[in-house]
Amino acid sequence: MASKSRLFSSVLVFSALLGAAQAASPVDAQRARLGQEIVRKWGGHVGQTYRMDAKVWAREMAPAFAEASMEELSAAASAPDFNSMNKLLLGQQPMAAAVGGDGDGTQTLGETTTDLVFVPITPCRIVDTRLAGGQIAANTVRSFDVTAVSDYSFQGGDASNCGGAGAAGSFAAAAINFTVVTPNGAGFITAFPFLGTQPLAATVNYTAGSIVGNYTVVKLDQGASTNELSVFSFAQTHLVADMVGYFINPALGALDCVETTSANITVNANSTGTGSSAACAAGYTIISGGCTMSTFDGRVVSSRSFPISNTHFCAFRNENAGASNIGVAYGRCCRLPQGR
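Residues numbered from 1 in each chain as written. Predicted model: local features only at pLDDT ≥ 70, side-chain atom pairs only at ≥ 80, totals over all residues. Heavy atoms only, no water.

Caption draft 1: Geometry of the nonpolar core. Membership of the largest hydrophobic core comes to 34 residues, with the highest contact counts inside it found for Ile126, Phe178, Leu229 and Met243. Breaking this core down by element, the ones donating at least two residues are strand E1 (117–128), strand E3 (173–181), strand E4 (187–193), strand E5 (204–206), strand E7 (229–233) and strand E8 (238–248). With near-sequence residues (within four places) excluded, leucine 229 lies in contact with Arg142, Ser143, Phe144, Val146, Ile176, Phe178, Ala191, Phe192, Phe194, Val218 and Leu220. (Core = buried A, V, L, I, M, F, W, Y, C linked by side-chain atoms within 4.5 Å. Buried < 20%, exposed > 50% of the residue type's maximum accessible area, 1.4 Å probe, protein only. Helix = DSSP H or I, 4+ residues; strand = E, 2+ residues; numbered from the N terminus. Contact = heavy atoms within 4.5 Å.)

Caption draft 2: Region of interest: the packing of aromatic side chains. Counted by the stated rule, this structure contains five aromatic pairs. Taking the centre distance of 4.8 Å and the plane angle of 45° together, the rings of phenylalanine 118 and phenylalanine 247 count as tilted. Of this pair, phenylalanine 118 sits in strand E1 while phenylalanine 247 sits in strand E8, and the two are 129 residues apart along the sequence. Judged by relative accessible area, phenylalanine 247 falls into the buried class, the value being 18%. Ring centres of phenylalanine 188 and phenylalanine 234 lie 5.9 Å apart, and the angle between their planes is 15°; this geometry places the pair in the stacked category. With phenylalanine 188 in strand E4 and phenylalanine 234 in the loop between E7 and E8, this residue pair connects regions lying 46 residues apart in the sequence. (Phe/Tyr/Trp six-rings, centres within 6.5 Å; stacked < 30°, edge-to-face > 60°.)

Caption draft 3: Structural context of the state of the cysteines. Applying the stated criterion across every chain, the model contains four disulfides. One disulfide bridge connects cysteine 257 with cysteine 334, the sulfur atoms lying 2.0 Å from each other. Judged by the sign of its S-S torsion, about 110°, the cystine formed by cysteine 257 and cysteine 334 is right-handed. Placement of cysteine 257 in strand E9 (residues 256–261) and of cysteine 334 in strand E15 (residues 325–335) is noted, with a sequence separation of 77 residues between them. Among the residues examined, cysteine 257 registers a relative accessible area of 26% and is labelled partly exposed. Disulfide partner of cysteine 291: cysteine 314, at an S-S distance of 1.9 Å. The sign of the S-S torsion, about -85°, decides the handedness of the disulfide formed by cysteine 291 and cysteine 314: left-handed. Taken together, the residues span a long stretch of sequence, with cysteine 291 in strand E12 (residues 285–293) and cysteine 314 in strand E14 (residues 311–318) at a distance of 23 residues. Both residues of the pair, cysteine 291 and cysteine 314, count as buried. With its bonded cysteines labelled in order along the sequence, the protein shows the pairing 1-2, 3-8, 4-7, 5-6. (Disulfide = S-S within 2.5 Å.)

Next up, the structure:
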């Protein structure tokens, strides 16, 4: 990877900055052209906003240009704004969204297997290798405990459960600000689920001696292991991680249900009668119901719920030839738990 970065740095400097037309391979030549487009497009913005020379910025961007996929690099060159371009190079923004597309599919809301609920917390440190564990060695992975933690100080974090995050059970993902502190060379870190496959996208790109951070949402391992998060570092570096929230699987909770009844429905001897339960209150929906009669001489002929009227209908038959009977219609009205 180091040779790849050095190669592309040379291609970028001589092609994008000095205008040379040759590159080591057709793929590298295309990378150089796309890098040149990005530098030309945003060099002025960088100079005006960040007071950085475009040539210096181009050299700083070389690792990002080298590690981005060709799809990400091409989308970054077409990005409509500077932030989208940066996010694409870091693998943090869908390509379609950045270039104005509609995406490849649709998301169905309310699916308990795909939707997550975000729980924000006051920013809280969960990792600081300057205080525990020491620097992450070059080209190695270190893993960390994120969930079910009462005190994060054992890995350099806050001596608390971070506002309840550590007591929230096994949550699916965490929103974390990662900061790389004084790495001994240029490179990147990549955060990913413990025991998962390390992705190609970088979480934070850095240069030697820099202190640089980035916010990201990281999927966590929800298995039985103590650790849930792994971080790979290309160069030896210290790492600080501050959690700002977490994502839990949604819990619907029990339905909120009430029962409504009708007034007494008098069914004369040897006759039929009908009646309906009282309508459900606003916000509730009829989902079922029932019918009863006061003696065994009566029977229920039909029973049905009507969503339009939010009532439950009953039809009765009184088979007693000498006395009337009383029927009652019941409705079961329910709604989702408050806040759902």
